[in-house]
Amino acid sequence: MAIRSSDRSLPDWLTRVRTGQTRLPRFQRWEAWNHSNVALLFNTILQDLPAGSVLVLEVGDDEPFPSRLIEGAPDASERATEHLLDGQQRVTALWRGLKNNYEDRTYFLYLKPDEESNMSYFIDSVSRGKRGNDQRRSPLWADEPARQWERRMIPLDLLAPTEDSSRAYLDWAREAINDVKEREEVSLTLGQVRQKLATFNLPYLALPTGTEPHTALDVFIRTNTSAEPLEDYDVVVALVEATTDESLHDLVAATKEEAPQIARYYSPENLALAAASLLQGKVPGKSTYLYREFGNELIRNWDTYCKGLGRAAAFLEDERIFDVARLPTDVVVPMLVAIWAEAPDGLDAEGQVRSILKKYMWRAFFTRRYERSTATRLLADYNELRPYVANPNTTLPTIFDEESNALPDANELMEAGWPKKKDRLGRAILALSLRHGGLDLADGSPASVGNLSKREYHHLFPSAHLKAKKVPDAKIFRALNCALVSWRTNRAISDKEPEKYLAERRTVPGPSEDEVRDRLASHLIPYLEMVNNDYDAFLEKRAELVLEEMSKVCS
C-alpha cells in the first residue's frame, strides 16, 4: 500500500468541502474543538506557521464507508472522492470559521496588537446566545458593522479567500468605516491577511483507492494524533462501522431520545460500553472495548441494553437519586443497566430484583467496595448478582458480606466530608436524606429533579456562626452539617444560629412546630439538638439517625 503526500491550498479545501467531494466517514466522532482551538489554528496561519498534515482515503466509484458532510457544509453537489480520516477538527474549523456559521460564536479579525505574537492583528471570537423568545443573538452589536468597527473588529467570513467575501467586505466597509482614507488603509491590511489565507497550505497523506476498509480503519486509529486524541468510544464506533452496517453514533443518539434521564447520571456513550461489557461477561475497560468482536456483540445485544437503560433510570429516580452531582459513585450505573436489562418484568419477580438492587446500590454507596480495582470488582459483583436476583437461595454476593464490606460506624459518618465535593460517603449521607424526603426548611417543598437547580448546599449550623465559636473548617464542612435547601431559604437563614432561624419558621403565618419537626426529619435532622444550638450533640444525634436509616436500606 503506497501512501502519497500532496499539497493542497486552503481555497481548494474550502471548495471540496462546499461541493461534498471531501466527506467524513460516518464513524468519525463529532466536533471536539472549543473556540480557543479554532482561534489558535487561524492565528497559526497568520504567523505563517504550519498546521500539520491530514489523512484522507481516496474513494472510487463506491464509498468504502457510509459518509456524512463536514459540519456546516451545504448539501453536496458532487460525489465523494475522499474520506477525511484524520484532520476533521482542523478542516471543520477552517470551513466553519471562514463561514462564521457557529451558533454560539462569531469570529473576528481584531486590528489590534497581539501581545503573544507581537503581530498587529489577531483572530478571536465573541460568545453568542439567544435570550428568552428573542430570536436575535446577543450581543446585538456583533451583527452591526459600525459597532463592530468601533471595537476594531472585522467578521472573519469577510476575509475568506473567495470573490463573494471580497464583495461582501466592500459593502461592510462602506457601512462601517466613514473615513475614505482609513477605509483604504484597512483594505491594504486585510489584503495581506486574505493573501495569507489564500496561500495557506494544508498538506495531506492519501491512502489509495482500493485500500481495504479494515486497513484504512487501522491506519485511522493509529495515526489520529490531533489535539483531541481518540477516546475509547471513538475507536469502538469505528470498529462497529467497519464490521456492521450500524452506526453506534445513531444508536446512542436514539437512546438519548428514548431515555433522556439516564444522561443525568452517566455519559450515554461511555455507559453503552461499560454496560455492554458486563452483559458480555467482560471487565469494562480499554482491553475489552478494543477487542474487535466486542462491537459486534454490543450491536447484537443492543435491544437488551436499551431495555435496561429505561428501567435503570426509573429505578434511580424511584430511589430519589437525581443526578451525577448527588450520586455517591457512578460505578453502580452500568451494573443497574446490565441487571435490569435481563430482569423479569412485573409482579413478584420484578419486586425481588428491585429489593436486591436497592440493597446493592446503597451498600455500594456506603461501603468501600469500589474504592480500588473498580472495574474488576464490578464484573465480579455482576457475575454474583446476576444469578442471585434470579434465585436468592444461591450464594450471597460478596458485596452483602458484612465482614469484607462493612458499613461505616457512627464515628465514620461524623467524619464524612462536604457532599458538594466528590466525597463518596458525604454524598451517600446526602442521598439518604433526600431519599427520606428532603423538604425545604422554609417553603416545605420536597427536593425534585425540577427544583434541583435552585437548591443549594446549606450549613445547618452556619459556617460563620461556627467559626465565631472557633470550630475548625474541617469540622464545619461535614456531610452531617449539610442539607439541600432552596436558594431563597439559604439567603434567609444566612448566618443565623439554628434556634433563631427555626423560631422564625414557627412564627405566624409560618408552619407549626410539628411541621418544622417534620421538615427536619425529612433530612434525618434531629430537632432538639438544633434548637439547643449544641453542634457536637447535633453531629452525634444525626449520625445516629443516619446510621439507623442506612442499616434499613443496606441490611
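Note that the structure is a prediction, hence the values are computed from the model and not measured.

A. Up close: the overall build of the protein. Of the regular secondary structure elements, the protein holds 25 helices and 13 strands. Projecting the C-alpha coordinates of the protein onto the three principal axes gives extents of approximately 80 × 60 × 40 Å. In the protein, buried positions account for 52% of the 555 residues. Sequence separation of at least 24 residues holds for 72% of the intrachain contacts in the protein that already meet a minimum separation of 6. Per element, the accessible surface of the protein, about 25500 Å² overall, is 47% carbon and sulfur.

B. The state of the cysteines, seen in detail. For the structure shown, the criterion picks out zero disulfides. Of the cysteine sulfurs around C482, a residue in no disulfide, the closest is that of C554, at 20 Å.

C. Region of the structure containing the pairing of strand β13 (residues 482-486). For β13, the tally of buried residues reaches five of five residues, placing the bulk of the element in the interior. As judged from the five bridges shared by strand β12 (residues 455-459) and β13, these two strands associate in the antiparallel manner. Looking at β13, one finds that R455 is bridged to S486.

D. Looking closely at the packing of aromatic side chains. For the structure on display, the rule yields 18 aromatic pairs. Relative to Y305, the ring of W302 lies with its centre 5.0 Å away and its plane at 45°, an arrangement referred to as tilted. Note that W302 and Y305 are positioned in helix α13 (residues 302-318) at a spacing of three residues, about one turn of the helix. Classification of W302 as buried rests on a relative accessible area of 8%. You can call Y305 buried: its relative accessible area is 3%. Members of the aromatic cluster, joined through ring pairs, are F27, F65 and F220. Of note, R151 hangs over the ring of W141, and the distance from its end group to the ring centre comes to 3.9 Å.

About the thresholds
- Residues numbered from 1 in each chain as written.
- Predicted model: local features only at pLDDT ≥ 70, side-chain atom pairs only at ≥ 80, totals over all residues.
- Heavy atoms only, no water.
- Helix = DSSP H or I, 4+ residues; strand = E, 2+ residues; numbered from the N terminus.
- Buried < 20%, exposed > 50% of the residue type's maximum accessible area, 1.4 Å probe, protein only.
- Contact = heavy atoms within 4.5 Å.
- Areas by Shrake-Rupley, 256 points an atom, 1.4 Å probe, with all protein chains shown as cover.
- Disulfide = S-S within 2.5 Å.
- Pairing = 2+ DSSP bridges.
- Phe/Tyr/Trp six-rings, centres within 6.5 Å; stacked < 30°, edge-to-face > 60°.
- Lys NZ or Arg CZ within 6 Å of the ring centre and 35° of its normal.

Bear in mind that shape data such as this cannot, by itself, settle questions of function.
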